[in-house]
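Residues per chain, in single letters:
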Amino acid sequence: MAYINEFVPEGEERSFLIPGYKKEHTPGIWTIDKEKDYILFNYHTDKDNPMDEYFAFVYKGRVIDMILDGSEFVGSDTRKWKITRIFIPEDLNKEEVFSELRKALMVYGCFGDPDDKEEKAVTDF
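Residues numbered from 1 in each chain as written. Predicted model: local features only at pLDDT ≥ 70, side-chain atom pairs only at ≥ 80, totals over all residues. Heavy atoms only, no water.

K.L.:
I would appreciate a short explanation of the overall build of the chain in the present structure.
P.N.:
What the chain contains, in helices and strands, is one helix and nine strands. Along the chain, from the amino end to the carboxyl end, the secondary structure elements read β-β-β-β-β-β-β-β-α-β. Its C-alpha radius of gyration of 14 Å places the chain within 12% of the 14 Å reference for a compact globule of 125 residues. In terms of principal-axis extent, the alpha carbons of the chain reach across some 35 × 30 × 30 Å. Within the chain, the fraction of its 125 residues that count as buried is 40%. The long-range share in the chain, meaning contacts at least 24 apart out of those at least 6 apart in sequence, stands at 43%. Carbon together with sulfur atoms contributes 50% to the accessible area of the chain, which is approximately 7000 Å² in total. The centroid of the 17 positive side-chain charges in the chain is displaced by 4 Å from the centroid of its 27 negative side-chain charges. (Helix = DSSP H or I, 4+ residues; strand = E, 2+ residues; numbered from the N terminus. Rg over C-alpha atoms; globule rule 2.2 N^0.38 Å. Buried < 20%, exposed > 50% of the residue type's maximum accessible area, 1.4 Å probe, protein only. Contact = heavy atoms within 4.5 Å. Areas by Shrake-Rupley, 256 points an atom, 1.4 Å probe, with all protein chains shown as cover. Lys, Arg positive; Asp, Glu negative; His and termini not counted. Charge placed at Lys NZ, Arg CZ, Asp CG, Glu CD.)

In structure tokens:
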């Protein structure tokens, strides 16, 4: 199954403990591969540096914390995502994580809006 952006369906809500974050987060919107149970969601934007967006990627049951820079756009509807910081546990294969993260971000697009099928994304990692 492929990744999709969706509003988290009623009854499927989940809370995630994000490493280094002060509390659990329950996303309302996520990008998910339901077959693999891989989930990407944005949980914070730094008000002092709004292009640094804090994401969590749930991969093989592990929560990977990262900051992505989405300040660059290619045209009007394609956002370029760069990794500013990421913490991948040592026991996970980094190339596999990056491969799945690229796939998830391509679907996430600019803002992860489930109703916007036109927005796109590219990755720079």
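Right, picking up where we left off after that structure.
K.L.:
In this structure, what is going on with helix H1 (residues 94-108)? I would like to understand it.
P.N.:
Along an α-helix, residues three or four apart share an orientation, since each turn contains 3.6 residues. For H1, with 15 residues, the first-to-last C-alpha span of 20 Å sits near the 21 Å given by 1.5 Å per residue. Residue Asn93 occupies the N-cap position of H1, its side-chain oxygen lying 3.0 Å from the main-chain nitrogen of Glu95. Just beyond H1, the residue with positive phi is Gly109, at close to 70°. (Expected span 1.5 Å × (residues − 1). Polar contact = N/O pair within 3.5 Å; in protein donor to acceptor, adjacent residues only side chain to side chain.)

K.L.:
Quick question: what am I supposed to make of a negative patch on the surface here?
P.N.:
Among the surface-exposed residues, Asp113, Asp115, Asp116 and Glu118 lie close enough to one another that they form a single negatively charged patch. Relative to the assigned elements, Asp113 resides in the loop between H1 and strand E9 (120-123). (Patch = residues over 30% accessible without salt bridge, like charges linked within 9 Å, V, L, I, M, F, W, Y side chains within 5 Å. Salt bridge = Lys/Arg side-chain N within 4 Å of Asp/Glu carboxyl O.)

K.L.:
Whenever I open this one, the sheet that holds strand E1 (residues 4-7) confuses me. Can you help?
P.N.:
Strand pairing within a sheet occurs via backbone hydrogen bonds; the two strands may be parallel or antiparallel. The strand order across the open sheet formed by seven strands is E1-E4-E5-E6-E7-E8-E9, and the pairing between neighbours is mixed. Pairing within the sheet leaves two strands with one partner each, and these edge strands are E1 and E9. Recorded for the sheet is a direction-independent mean angle of 35° between the axes of neighbouring strands. In this sheet, strand E4 (residues 29-33) lies alongside E1 in antiparallel orientation, the contact comprising four bridges. By the bridge assignment, Glu6 is partnered in E4 with Trp30. Sitting on the sheet, H1 touches E1, E4, strand E5 (38-45), strand E6 (52-59), strand E7 (62-74), strand E8 (78-87) and E9, and the angle it makes with E6 is about 120°. (Pairing = 2+ DSSP bridges. Axes fitted to C-alpha atoms, helices over the stretch in contact; angles between N-to-C directions.)

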